[in-house]
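Next come the chains, spelled out residue by residue.
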Amino acid sequence: MPDPRTPLRWRALAVQALLILALAALAYLAASNAAQKLARQGIVAGFGFLGRPAGFDIGQSLIPYAAATATYLDAFLVGLLNTLLVSGLAIGIATGLGFAVGIARRAENPLLRAFAAAYVELFRNLPLLLQLLVWYVAVRVALPPASDPAALGQAAFLSQRGLFLPRPDFWGSAAAVPLAFGIGLAAVWLLVQARGRAVALGKKPGPVLSLSALLCLGLPALAWIGLALAGHPVPVAWPVRGPYDIEGGLAVRPEFAALLIGLSTYSAAFIAEIVRAGLDSVAQGQREAAAALSLSRAQALRLVVLPQAMRVIVPPLTSQYLNITKNSSLAVLIGYPDLVHVFMGTVLNQTNQAVEVVSLTMAVYLTLSLVTALVMNRYNARVAGSRA
Amino acid sequence: MRVVRPQAALPPKAALPPKAALLLGLALLVPLPASAEPAPAERTLAQVKARGHLVCGVSPGVAGFSVPDGQGRWTGLDVDFCRALAAAIFDDPQAVRFIPQSSAARFTALQSGEIDVLARNTTWTLSRDTAAMNFPAITFYDGQGFLVRKSLGITAVKGLDRATICLQQGTTTELNLADWFRTRGLTYRVVTFANSEQTLGAYESGRCDAYSTDQSSLYGERLKTAHPDEHVILEEAISKEPFAPGVRQGDDQWRDLVAWTHYAMLDAEEAGIGQANVARMRDDAPSPDVRRILGLEGAYGERLGLTADWVFRIVRHVGNYGDSFARNLGDATPLKIPRGRNALWNQGGLQYGPPIR
Amino acid sequence: MNPDTMNPDKRFVRESMIPPAPPPRRISGPLARIRATLFPDLANGLVTLAILAALVWLVPAAFRFLVVEAVWTGASGEACRPEVVGHPVGACWAFIGDKINYLAYGSYPTAERWRPNLFFGLLAFGVAWMLWLGAPKRTWGAVYLFLVVPVLAYVLLAGAPALGLVSVATALWGGLLVTVVVSGVGIVAALPLGILLALGRRSDWPVVRILCIGFIEFWRGVPLITVLFMANVMLPLFLPGDLTVDRLVRPLVGIALFASAYMAEVVRGGLQAIPAGQRQAALALGLTPFQATRAVVLPQALKIVVPGIVNTLIGLFKDTTLVAIVGLADFVRVLEAARADPRWSAPAVPVTAYVFAALFYFAVCFGMARYAGFIERRLAAGAVR
């Protein structure tokens, strides 16, 4: 809306122009200072350093990484993937736990309510960093020493060095197994759609949960067995005892476990509060109406209350998911090689490319924030839209 | 040519006062009036003398090298070096102010004139020497080593093939380790942490088989374990880490003074002049060597801008290199660092003081 | 109206009576009440039993650990070793007692410790003034807390040789002192900045609005650690010449910027809650836009965001622990260093350290959260009236 007092308009323009000028001057000054200092330190600005050999090792990696051949870009990718892995899993676990605790806070059972409230207050009011430290110590203390791991036959081992499991290798013909899993997922999606239509038509829907499980687990199992019968068994790397440690196989390290547990339990406390607020936002009459329709409490919650509560829950839940992603950077403290640990720690120290490293790392988090926000906004639009 | 801020115009501490700098930062770095007058750098000694005390950048706390006690009194090998400088200049080992420096800020602190000399376990490398500063003399020969449990029964680093090694990130430690194992065709697994408490905690709890960092620090870290006698530091080092004090480039007089302060402490030890016997030795100097060192013959101290009795002052107040080593690092201390590479050249070590002649 | 219900195919009409449900069980008397709430069905009963079992196990164990088997006096870790004491050892409070000064002041020189003490006192006075809603002259309290205390604190803690106060290098500060200074500076700098940003975000001037939105969303989109790293390595680069920034100040700048973005969003919530009519009425009375904002909108908005501000403060207080990662000796870092003291090496010591830290942070954060809740209820009560 244009300001009716037009004479003042030129002033607004002038002030804004001045502001831009001042900021530009400031940016120029900072940039020239930085350029001067970098030149003095003999540092070449730009992202060319990403192609240089890294030369250091990383403890945990989702992609093949060897100090001999890896570049700084590889190190960056390793860190990024580790960040995505731990935040993705933590988002899943924290959501489940958070919903359970949030619903428990409105349970009929007063003991359960108090228990859930105590959980929320305890985890919410302690610094995450402290919780991670405690979890990391706790994980190490609870597990047997590396010299004497707990073993499940020769297949799985558990010690302070981690949980070691057999790792199937899904390259080549073995790719049929994950493919079968994908087909199973697609089938489940179709099933859910069909079920929605059936309910809308007033027909009695068939069993979904058991059928879904059968599809998602049965198809890959069939593929596995089929491959074995066809003479192309899925290759499996088994963990074996080495001189110091269990070697080979799939290793879940204690740093990862501690970070995942700490991040999930901490964030679950916040999600629980969001869920509780969401449940409170649904009018009491809705539950009463559901009860009058002879729905059980669980059914009322699942079919009547939660869908309506989701409208209130989703927006703050989005920012919680962003927080989990951002908080995963505390990994640096307990030795999990996430993006900040690898890139802002080791790479920055070795290359001294402060401007590039810091801006690239920040750009990654901003992008993650943006993507999460976009995805959740679309979901939110769907949830909010279904009310019409 | 780099612009050096005029030293005399600066207070002893050139860092902005916290609040002022905060405001500065909040205003998104408002341009400061840049004082651009290039002052000749070879003024450090004159400034120090005018100021009445030396300002020495040290590490915020490495056992045996520089540690403050509860009263803020500093001790250690690096601290002794600063005190020796102060003794040579002022005949007063207390005429020195210590400013703890983080590893990130140390070079800027030196360049900005915040400190006169950087006596902090800084490794002398070519890039540092050419970029930022000069390294007059090597005061301690260090190398990257390994702390392991005695029960492992390892004597050489080779024995750590396929082991898990805990590291503190952010130094060349990670590169040295990777290079060393790779060139020998050995493998290892690494867990890196942001600070030393976590690194030691992980090692001690059994998460790692070895803890790797500079040997000089490992002795201090071993002391922090619950049972120090159950751990051992491997003798072998996988890197060269010569620790040297740093001075600004372009001030030859100051650079000479810093270098010769160290050499004087070595020469005194070699000539058998120690804190205990220095007064007796001066009154009854046995050889021309000793007479030259103690300033009874020739005018060597004057050439450095000091007085003739400069070495006498150093040894009387601080002692020779061996005295300082024994007091801060040696067997009499809990650290029990062997003299090793840091023994005098004629006793199988690398410490070699050019003659005072 | 859902079109589905209009569709005859989808309509559902029950044709037979369903059997009546049994009457609800009579609930009267304490026993029946317990039964109805705690054991209404099998699942709930199991949950109740599980929680009761956990309580029966947990509460006495905690009490034993914290009080009965705790060691209260001793000069070294020996006093907290079970083999020396002769019974299982719980918390080693002797360790905390021995280190309490270190935990409070870090390496701050002993002779000068009255200065942090005075600072804590001044701060506590100001905070109490602001928190007690019935206190006299609360405006002056704000001036005191946001202007007088910071200046006094700087002079007191850093030292002013002209006034006879010895300079104390920030490298010696530590423990509670650093935690309080970092969160204090964070909130004192973030509140005014946040208000400016929130106003800017609602500005009619597109340049100001876009700049403020960009600023706020940028800081909210990145983790605090990256901000601290940035402040640590990039701030010195941007400054002219050989200026250096004190190593305590660098993270402070980062935290202030970071917190101001969150504060801006809190304040914006308050501004949005003030009906537009307020501003229009102020303008109609002949107030300039600036006057309208300062005298009418902002006071009302700030009043309702007090709980939000306190919540931001809680977050900030917890986040200050991150400065340990860039090398500052905050409370957690000092505690970690203290428990690494070989003189106090005993199995009970690390546990005690963490329990103590947990109790400390919980007491502060829970207390603040309760206060925010109290204000919120009070405001709600006012709104109802």
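Residues numbered from 1 in each chain as written. Chains lettered and ligands numbered in written order. Predicted model: local features only at pLDDT ≥ 70, side-chain atom pairs only at ≥ 80, totals over all residues.

J.: How should I be thinking about the overall build of chain C in this particular structure?
T.: When helices and strands are counted, chain C shows 16 helices and zero strands. A compact globule built from 385 residues should have a C-alpha radius of gyration of about 21 Å, whereas chain C, at 28 Å, is more than 25% larger. Each of the three principal axes of chain C carries a C-alpha extent, and together these read 95 × 80 × 45 Å. Evaluated residue by residue, chain C yields a buried proportion of 40% over its 385 residues. (Helix = DSSP H or I, 4+ residues; strand = E, 2+ residues; numbered from the N terminus. Rg over C-alpha atoms; globule rule 2.2 N^0.38 Å. Buried ≥ 20, exposed ≤ 12 C-beta atoms within 10 Å, placed from the backbone.)

J.: Quick question: what am I supposed to make of the overall build of chain A here?
T.: Secondary structure summary: chain A contains 12 helices and eight strands in total. Here chain A has a C-alpha radius of gyration of 27 Å; the compact-globule value for 388 residues is 21 Å, and the former is much larger. Oriented by its inertia axes, the alpha-carbon framework of chain A measures out at about 80 × 75 × 45 Å. Counting over 388 residues, chain A shows a buried share of 35%. Partitioning the intrachain contacts of chain A with sequence separation of at least 6 by distance along the chain shows that 67% fall at a separation of at least 24. (Contact = placed C-beta atoms within 7 Å.)

J.: Looking at this model, I keep getting lost on the UniProt feature "transmembrane region" (unreviewed entry) in chain A. Mind explaining?
T.: When the UniProt feature table is mapped to this numbering, "transmembrane region" (unreviewed entry) covers residues 12–31, 43–63, 75–104, 116–138, 170–192, 213–236, 256–279 and 354–376 of chain A. Taken end to end, residues 75–104 of chain A comprises 100% helix and 0% strand; its first and last C-alpha atoms sit 43 Å apart. (UniProt positions renumbered as here; feature names shortened; annotations may be inferred.)

J.: Explain the UniProt feature "transmembrane region" (unreviewed entry) in chain C here, please?
T.: All names here are of chain C. Taken from the UniProt record, the annotation "transmembrane region" (unreviewed entry) applies to residues 42–63, 118–135, 142–166, 172–197, 218–239, 251–271, 304–328 and 348–369. Each end of residues 42–63 is marked by a C-alpha atom, and these two atoms are 31 Å apart; helix forms 100% of the span and strand 0%. Annotated as residues 118–135, this span is 78% helix and 0% strand, and its ends, taken at the C-alpha atoms, are 22 Å apart.

J.: What exactly am I supposed to notice about the nonpolar core here?
T.: Taken as a class, soluble globular proteins show a tendency for nonpolar side chains to be buried jointly. Core analysis: the largest hydrophobic core is formed by 259 residues, its most contacted members being L132 of chain A, C82 of chain B together with C92 of chain C. Among the elements that take part in this core, helix α11 (residues 249–273) of chain C stands out by supplying 15 residues, more than any other. Dropping the residues within four chain positions of it, C92 of chain C is found in contact with V71, C80, A346, A348, V349 and T352 of chain C. In this structure, F119, L145, V149 and A158 of chain C belong to the second largest nonpolar core, which totals seven residues. (Core = buried A, V, L, I, M, F, W, Y, C linked by C-beta atoms within 7 Å.)

J.: Is there a simple way to explain the interface of chain A and chain B in this structure?
T.: When the parts come together, some accessible area is lost, and that loss is often what is quoted as the size of the interface. At the junction of the two partners, chain A supplies 31 residues and chain B supplies 28 residues. Among the secondary structure elements, those contributing two or more residues to the side of chain A that touches chain B are α1 (9–40), α7 (254–281), α10 (331–334) and α11 (339–351) of chain A. Its residues assigned to classes, the side of chain A that touches chain B comprises 14 nonpolar, 11 polar and six charged. (Nonpolar A, V, L, I, M, F, W, Y, C, P; charged D, E, K, R; others polar.)

J.: Looking at this structure, I do not really get the interface of chain C and chain A. What am I missing?
T.: Across the boundary between the two partners, chain C contributes 42 residues, which contact 44 residues of chain A. Looking at the side of chain C that touches chain A, the elements that each hand over two or more residues are α2 (30–38), α3 (42–68), α9 (206–221), α10 (224–238) and α16 (348–384) of chain C. Here the side of chain C that touches chain A gets nine residues from one element, more than from any other, and that element is α16 of chain C. Along the lines of polarity and charge, the residues of the side of chain C that touches chain A split into 31 nonpolar, six polar and five charged.

J.: I keep staring at the pairing of strand β7 (residues 144–149) of chain B and nothing clicks. Help me out?
T.: When a strand is regular, its side chains alternate between the sheet's two faces. All names here are of chain B. Among the six residues that make up β7, five are buried, leaving the element largely enclosed by the rest of the structure. The sheet contact formed by β7 and strand β10 (residues 210–214) spans five bridges and is antiparallel. Its bridge partner being in β10, V148 is matched across the sheet by A210. Here three bridges tie β7 to strand β11 (residues 231–233), and the two strands are oriented antiparallel to one another. (Pairing = 2+ DSSP bridges.)

J.: Could you clarify how one ought to interpret helix α6 (residues 209–229) of chain A in this entry?
T.: Residues spaced three or four apart along an α-helix point in a common direction, a consequence of the helix completing one turn every 3.6 residues. Residue and element names in this part refer to chain A. With 21 residues, α6 ought to run about 30 Å at 1.5 Å a step, and its terminal C-alpha atoms sit 30 Å apart, in line with that. The largest bend along α6 reaches roughly 30° and is located at G218, with the proline P220 sitting one to four residues downstream. Against α5 (176–200) lie the buried residues of α6. At the C-terminal side of α6, G231 shows a positive phi close to 90°. (Expected span 1.5 Å × (residues − 1). Bend = angle between axes of the 7 residues up to and from the residue.)

J.: I'm lost on the sheet that holds strand β1 (residues 150–152) of chain A in this one. Help?
T.: In a beta sheet, neighbouring strands are held together by backbone hydrogen bonds and run either parallel or antiparallel to one another. Residue and element names in this part refer to chain A. Overall, antiparallel pairing links the four strands, which are arranged β1-β2-β3-β8 in an open sheet. The open sheet terminates on both sides in strands that have one partner only, identified here as β1 and β8 (250–252). Ignoring strand direction, the axes of neighbouring strands in this sheet form an average angle of 15°. As judged from the three bridges shared by strand β3 (residues 162–165) and β8, these two strands associate in the antiparallel manner. Directly across from L165, in β8, lies its bridge partner L250. (Axes fitted to C-alpha atoms, helices over the stretch in contact; angles between N-to-C directions.)

J.: What am I meant to see in the sheet that holds strand β5 (residues 117–118) of chain B here?
T.: Residue and element names in this part refer to chain B. Across the sheet, three strands lie side by side as β4-β1-β5; this open sheet has parallel pairing. Unpaired on one side and paired on the other, β4 (96–100) and β5 mark the two borders of the sheet. One ladder, built from five bridges, connects strand β1 (residues 54–58) with β4; its direction is parallel. Note that in β4 the partner of V58 across the bridge is P100.

J.: Where do I start with the environment of F49 of chain A in this structure?
T.: Mapped onto the elements, F49 of chain A comes out in the loop between α1 and α2 (72–104). When near neighbours in sequence (up to four residues on either side) are disregarded, F49 of chain A contacts Y72, T351 and Q353 of chain A.

J.: Any chance you could explain the packing of α2 of chain A against helix α9 (residues 297–327) of chain A here in plain terms?
T.: The description of two packed helices rests on the angle between their axes and on the distance between the axes. Residues and elements named next belong to chain A. Close contact between α2 and α9 brings their axes to 11 Å; oriented N to C, the two are set at 140°. Considered as vectors, α2 and α9 are oriented oblique to each other. Considering the relative orientation of α2 and α9, their crossing is right-handed. Here α2 contributes S87, A90, I91, A94 and I103 to the contact with α9, which in turn contributes L301, Y321, I324 and T325. (Parallel < 35°, antiparallel > 145°, perpendicular 65-115°, else oblique. Left-handed = near helix turned anticlockwise from the far one by under 90°.)

J.: What is the right way to read the pairing of strand β8 (residues 163–168) of chain B from this model?
T.: Residues and elements named next belong to chain B. For β8, the buried fraction is high: six of the six residues fall into the buried class. With six bridges joining them, β8 and strand β9 (residues 188–193) adopt parallel strand pairing. Of the residues in β9, the one forming a bridge with Q168 is F193. With three bridges connecting them, β8 and β10 associate as parallel partners. Counterpart to I165 in the pairing with β10 is A210.

J.: Could you clarify how one ought to interpret unusual backbone geometry in this entry?
T.: Only a minority of non-glycine residues have a phi that is not negative, and only a minority of peptide bonds are not trans. Although it is not a glycine, S294 of chain A sits at a positive phi angle of roughly 65°. Turning to its location among the elements, S294 of chain A is positioned in the loop between α8 (284–292) and α9. Although it is not a glycine, D91 of chain B sits at a positive phi angle of roughly 60°. By secondary structure assignment, the location of D91 of chain B is in the loop between α3 (77–90) and β4. Classification of D91 of chain B by C-beta neighbours within 10 Å gives partly exposed; the count is 17.

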